Amino acid sequence: MRENTRSIPITEEQVWSAYLEVRKHGKSAGVDELTLRDYEADRSNQLYKVWNRMTAGSYMPPAVRRVEIPKSDGKKRELGIPTVSDRVAQTVVKNYLEPLLEPHFHEYSFGYRPNKNAHDAVRQAAEQCRKKAYVLDLDIEGFFDNLDHGLMMRGLQEHTTDKWLLMYIERWLKAPIEHKDGSLAYPTKGSPQGGVVSPLLSNLYLHYAFDKWMSIHYSETVFERYADDIVVHCTSKQEAVQLLDAIRERLKQCGLRLHPEKTKIVYCKNSNRKDKHEEVSFDFLGFRFKPKKARNRKTGEIFTDFGPASIGKKSMKKILETIKSKYLHRRVTDQLEDLSKDLAAHVRGWMNYFGKINMRFLYPVMNSVNGRLIMWATNRYKSLNGSSWQGRQWLREIYRDYPNMFEHWKYGFKP
């Protein structure tokens, strides 16, 4: 490794470490069309260029490739895909900046932070819904597209005076965006979703726009924030209405707008609460919070509780579409082992995420998978006469002999 005698304190070791992080994640190519595999073939040369230019202060981010991802509501989410080299450069800066910002972030901020995760936010939300009767379910419209660059840089300057750091972040904020037709757009606000440094910058922005403002003006109010997904807990409807107005005005001052239709006040209805309110459910981080039947462990009495009760509608739709896209029932030339391998990573992901809150939430998902496998059996074996009942019996025999063949079978989701 060469000794760095330049003024910008970036070492080759830091660039290499950043590359190892990038290699674990997305493989999409940026505007230079270099995939991770291509990059690997010329790795030493590519990484040296990143280090050399960053330490010289001459690194200029290339354009970000704009791609559109379909959303459940029929609209499209716009993502920005940087080049591999740019992802490496952003990771270097993220790793340098994160320790400076992390100690200042709010305890109720859970997204994209070390030692915090979505499950922590969901569990805290469930606990608070039992304590307080109302929730503000906040939806910030076009959050990543509307971040004010000036306010972002002011926030950064509260935590660092390193000119090189501020310079590179400002360059990334202003990096051109290449559309599908090859045209370039030069943003005056926003930070592309898909950029490595964007989650950290978004946390900093909402730290000042929301978290710190709440701790100053509503220090007793509990909330959960995961990136721009926010839930705030209130003791009464009146408090919720007043606080919603205050938050709406605060975010407006920071260049942000609450979605008029998706933002709502929700009543956390249970057996002990007698108010009447139209909205009694909300989705948070893929879970549907709503009234649900529960049993008192001591007395055995049935009562109505409020909390995460199922997988949220959007998440369930996405999961079922993934299962459908595998066309399991049509793959009659494949073996069961082939289907298992194709499903394994998806099933593990669903179980690791949703199952950590409640494994029972996954019954509809695993019933769908088993249903597709039954259809596969009846399509493959003429002896089953196209009968779903016979197909299920056949699959249950396979389950008894090979209970670990499919990931969900290991946890008792038998056909």
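The text that follows walks through the structure, step by step, so that each part is easy to find.

Procedures and definitions
- Residues numbered from 1 in each chain as written.
- Predicted model: local features only at pLDDT ≥ 70, side-chain atom pairs only at ≥ 80, totals over all residues.
- Heavy atoms only, no water.
- Helix = DSSP H or I, 4+ residues; strand = E, 2+ residues; numbered from the N terminus.
- Expected span 1.5 Å × (residues − 1).
- Buried < 20%, exposed > 50% of the residue type's maximum accessible area, 1.4 Å probe, protein only.
- Arc of directions from axis to C-beta.
- Contact = heavy atoms within 4.5 Å.
- Pairing = 2+ DSSP bridges.
- Core = buried A, V, L, I, M, F, W, Y, C linked by side-chain atoms within 4.5 Å.
- Axes fitted to C-alpha atoms, helices over the stretch in contact; angles between N-to-C directions.
- Parallel < 35°, antiparallel > 145°, perpendicular 65-115°, else oblique.
- Left-handed = near helix turned anticlockwise from the far one by under 90°.
- Nonpolar A, V, L, I, M, F, W, Y, C, P; charged D, E, K, R; others polar.

With that settled, consider helix 10 (residues 313–325). Helix length check: helix 10 (13 residues) gives 18 Å between terminal C-alpha atoms against 18 Å at 1.5 Å per residue, within 8%. Within helix 10, the full set of buried residues consists of Met316, Ile319, Thr322 and Ile323. In a view along the axis of helix 10, the buried residues occupy a sector of 125°, so they form one face of it. Residues of helix 10 that are exposed and point over 90 degrees away from its buried face: Lys313, Lys314, Lys318 and Lys324. Where the residues of helix 10 are buried, they touch strand 11 (302–311), helix 11 (336–354) and helix 12 (363–380). Immediately beyond the C-terminal end of helix 10, within one or two residues, lies Tyr327, with a positive phi of roughly 50°.

Our focus in this paragraph is the pairing of strand 1 (residues 64–70). Two strands pair when backbone bridges link them, and strand 1 and strand 4 (residues 177–178) are joined in this way by two bridges, in the parallel orientation. When the sheet's bridge partners are listed, Val64 is paired in strand 4 with Ile177. In this sheet, strand 2 (residues 76–81) lies alongside strand 1 in antiparallel orientation, the contact comprising six bridges. From the neighbouring strand, Pro70 faces strand 2, where its bridge partner is Lys76.

Our focus in this paragraph is the nonpolar core. Within the largest apolar cluster, 66 residues are counted, with the highest numbers of intra-cluster contacts made by Met54, Leu136, Val232 and Ile247. Examining the composition of this core, we find that nine residues originate from one element, helix 8 (residues 198–217), more than from any other. Filtering out sequence-adjacent residues up to four positions away, Met54 remains in contact with Ile8, Ile10, Tyr59, Ala89, Val92, Val93, Tyr168 and Trp172.

Taken N-terminus to C-terminus, the directions of helix 11 and helix 12 make an angle of 170°; their axes are 12 Å apart at the nearest point. By the angle between their directions, the pair helix 11 and helix 12 is classed as roughly antiparallel. Here Leu336, Leu339, Leu343, Val347, Trp350 and Met351 of helix 11 lie close against helix 12, whose contacting residues are Val365, Met366, Val369, Leu373 and Trp376.

Within the open sheet, the three strands sit side by side as 9-10-11. Their pairing is antiparallel. Each of the sheet's edge strands pairs with one partner strand only, and the pair in question is strand 9 (282–284) and strand 11. When the angles between neighbouring strand axes are averaged without regard to direction, this sheet yields 50°. Sheet analysis places strand 9 next to strand 10 (residues 287–295), joined by three bridges and oriented antiparallel. Looking at strand 10, one finds that Phe284 is bridged to Phe287.

A few words on the packing of helix 10 against helix 11. Helix-helix packing is described using two parameters, namely the angle between the two axes and the distance between the axes. Between helix 10 and helix 11, the shortest axis-to-axis distance is 12 Å and the interhelical angle comes to 160°. On the basis of their axis angle, the class for helix 10 and helix 11 is roughly antiparallel. The interaxial crossing formed by helix 10 with helix 11 has left-handed handedness. Between helix 10 and helix 11, the residues in contact are Ser315, Ile319, Thr322 and Ile323 and His346, Trp350 and Phe354, respectively. A per-class count over the contact of helix 10 with helix 11 returns four nonpolar, three polar and no charged.

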